[in-house]
Amino acid sequence: SLAVRALPLSPGMDVRRVLINAWKPSTRKSYSLKWRAFQVWLADKGSQPQDCPVELILQFLLSLKRMGLSNSSVKVYLAAISGSHIPVDGRPVFSHPLVKRFMKGLYNLYPPVRPILPQWSLPLVLTHLMGPPFEPLASCPLSFLCWKVAFLVAVTSARRVSELAALRVDPPYLQFFPNKVSLRPCLSFLPKVVSSFHLNQRIVLPVFFPSPSSEAEVRLHTLDLRRALLYLVARTSGFRRSKRLFVCYHGPNKGSAASSKSISRWVVSAIRAAYGAAKVKCPFSLKAHSTRAVAASAAFSRGVPLQEVCAAATWSSADTFVQHYAVDVSSRQAAAVGTAVLQSMFPD
């Protein structure tokens, strides 16, 4: 197994099982594919992958970069190799000084570029979720209902799609209240980061204009999460074969739990359909994961404290938000100073 190849001694079966489960199944599958790719590349180099020289590993990583892979993808290949290669000079390949220097040089030569503007327009999508083909929820195609609910849950919770796929539909995992909806994942779900902070995190979603009193409020009420989830539960109850909240709505797997990939497609489909309804050209490359950045940035820009944004998105530190989601945390303070200066023309 990949998790135990690099060990100098052969552990017992019980220890081996624990070591293997240090990586989640998805990680083991990903690392296995990348390890095989390294084996194929190394086949005519006259070295064994488990103990080949560090220089060959660096050449392989550089070949990946020249093929167009991102720095983060190259880093995953390195992690996979490090998990199977025996230690070099008493340390894992990943922490070898030469490898660390190489990765630093790679990031200096090819610095990651973060977009200044969001990839897609949240106001545009929300506006067109309020009308056809997403409304009325009682009679719209089931596909559009699933797309809309998946998008709204993703964008209002700022959670990963894997967390959405683990949500359950039965009480006490799903609970409806007059002013909110509470959702929880199944107990067996392991989040990306397994810690006491991240495990079994509850998602609380808002109601939106629950008692509309005008035509405008009636229209805005179509974005209400409580309403959308009630329709989803009702319209899938007749063919549901799983306790997961999101189930497949057509095909041979109809009624079975929807996978993370399926829910990702639903979120992207909702964005594309909204752009289509607006008769606006949709961005070429869309990813469901972008809802985390768009949601967190929108909340922060509208005055939600950074700590609350991070808690909702299950970031234990604000550093993740600042480093990966291209938001200048100091901009609000800077703007406040400028506003105060301009307002000095008004008497107290």
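Quick note: structure is the one above.
Residues numbered from 1 in each chain as written. Predicted model: local features only at pLDDT ≥ 70, side-chain atom pairs only at ≥ 80, totals over all residues. Heavy atoms only, no water.

Undergrad: Looking at this structure, how should I read the overall build of the chain?
TA: The number of helices and strands found in the chain is 16 helices and three strands. Here the chain holds 348 residues, and 41% of them are scored as buried. For the chain, the proportion of contacts with a sequence separation of at least 24, taken over those separated by at least 6, is 56%. (Helix = DSSP H or I, 4+ residues; strand = E, 2+ residues; numbered from the N terminus. Buried < 20%, exposed > 50% of the residue type's maximum accessible area, 1.4 Å probe, protein only. Contact = heavy atoms within 4.5 Å.)

Undergrad: Just checking my understanding: could you explain helix α12 (residues 260–278) for this structure?
TA: The periodicity of an α-helix, 3.6 residues per turn, causes residues three or four places apart in sequence to face the same way. Between its first and last C-alpha atoms α12 spans 27 Å; for 19 residues at 1.5 Å apiece the expected length is 27 Å, and the two agree. For α12, the complete set of buried residues consists of Ser 262, Ile 263, Trp 266, Val 267, Val 268, Ala 270, Ile 271, Ala 273, Ala 274 and Tyr 275. Just downstream of α12 lies Lys 279, where phi reads positive at about 55°. (Expected span 1.5 Å × (residues − 1).)

Undergrad: Help me understand the packing of helix α8 (residues 142–157) against α12, please; the structure alone is not making it clear to me.
TA: Packed helix pairs are specified by the crossing angle of their axes together with the interaxial distance, meaning the distance between the axes. In the contact formed by α8 and α12, the axes pass within 8 Å of each other and the chain directions differ by 100°. One way to sum up the angle between α8 and α12 is to call them roughly perpendicular. When α8 is examined against α12, the residues Phe 144, Cys 146, Trp 147, Ala 150, Phe 151 and Ala 154 are found in contact with a partner set consisting of Ile 263, Trp 266, Val 267, Ser 269, Ala 270, Ile 271 and Ala 273. The class makeup of the residues in the contact of α8 with α12 is 12 nonpolar, one polar and no charged. (Axes fitted to C-alpha atoms, helices over the stretch in contact; angles between N-to-C directions. Parallel < 35°, antiparallel > 145°, perpendicular 65-115°, else oblique. Nonpolar A, V, L, I, M, F, W, Y, C, P; charged D, E, K, R; others polar.)

Undergrad: Looking at this structure, I do not really get the side chain of Arg 292. What am I missing?
TA: Its location among the elements puts Arg 292 in helix α13 (residues 290–301). In this structure, Arg 292 is buried with no salt-bridge partner, the nearest side chain bearing the opposite charge being Glu 163 at 4.6 Å. A polar contact is formed between the side chain of Arg 292 and the backbone oxygen of Ala 158, at a distance of 2.7 Å. (Lys, Arg positive; Asp, Glu negative; His and termini not counted. Salt bridge = Lys/Arg side-chain N within 4 Å of Asp/Glu carboxyl O. Polar contact = N/O pair within 3.5 Å; in protein donor to acceptor, adjacent residues only side chain to side chain.)

Undergrad: Teacher, can you tell me more about the sheet that holds strand β3 (residues 203–206) here?
TA: The pairing of strands in a sheet happens through backbone hydrogen bonds and is either parallel or antiparallel. Pairing is antiparallel in the open sheet, where three strands are placed in the order β1-β2-β3. Since the sheet does not close on itself, it has two edges, and those belong to β1 (174–177) and β3, each with one partner. Going from strand to strand, the sheet's axes swing by 15° on average, the running direction of each strand aside. With four bridges connecting them, strand β2 (residues 180–183) and β3 associate as antiparallel partners. Bridging from a neighbouring strand, Leu 183 pairs with Ile 203 of β3. Its contacts with the sheet place helix α11 (residues 225–236) against β1, β2 and β3, and it is angled at close to 130° to β1. (Pairing = 2+ DSSP bridges.)

Undergrad: Mind showing me how you'd approach the side chain of Lys 148 here?
TA: Mapped onto the elements of the fold, Lys 148 is located in helix α8. Taking relative accessible area as the criterion, Lys 148 reaches 1% and is therefore assigned buried. A distance of 2.9 Å separates the side chain of Lys 148 from the backbone oxygen of Leu 129, its partner in a polar contact. Not counting residues within four places of it along the chain, the set of residues in contact with Lys 148 comprises Leu 129, Phe 134, Glu 135, Leu 137, Thr 222 and Arg 227.

Undergrad: Whenever I open this one, helix α7 (residues 122–129) confuses me. Can you help?
TA: Taken as a whole, α7 has its buried residues at Leu 122, Leu 124, Val 125 and Leu 129. The buried residues of α7 all sit within an arc of 165° when viewed along its axis, so they share a single face. Two to three positions downstream of the cap, the backbone nitrogen of Leu 124 sits 3.2 Å from a side-chain oxygen, assigning the N-cap of α7 to Ser 121. (Arc of directions from axis to C-beta.)

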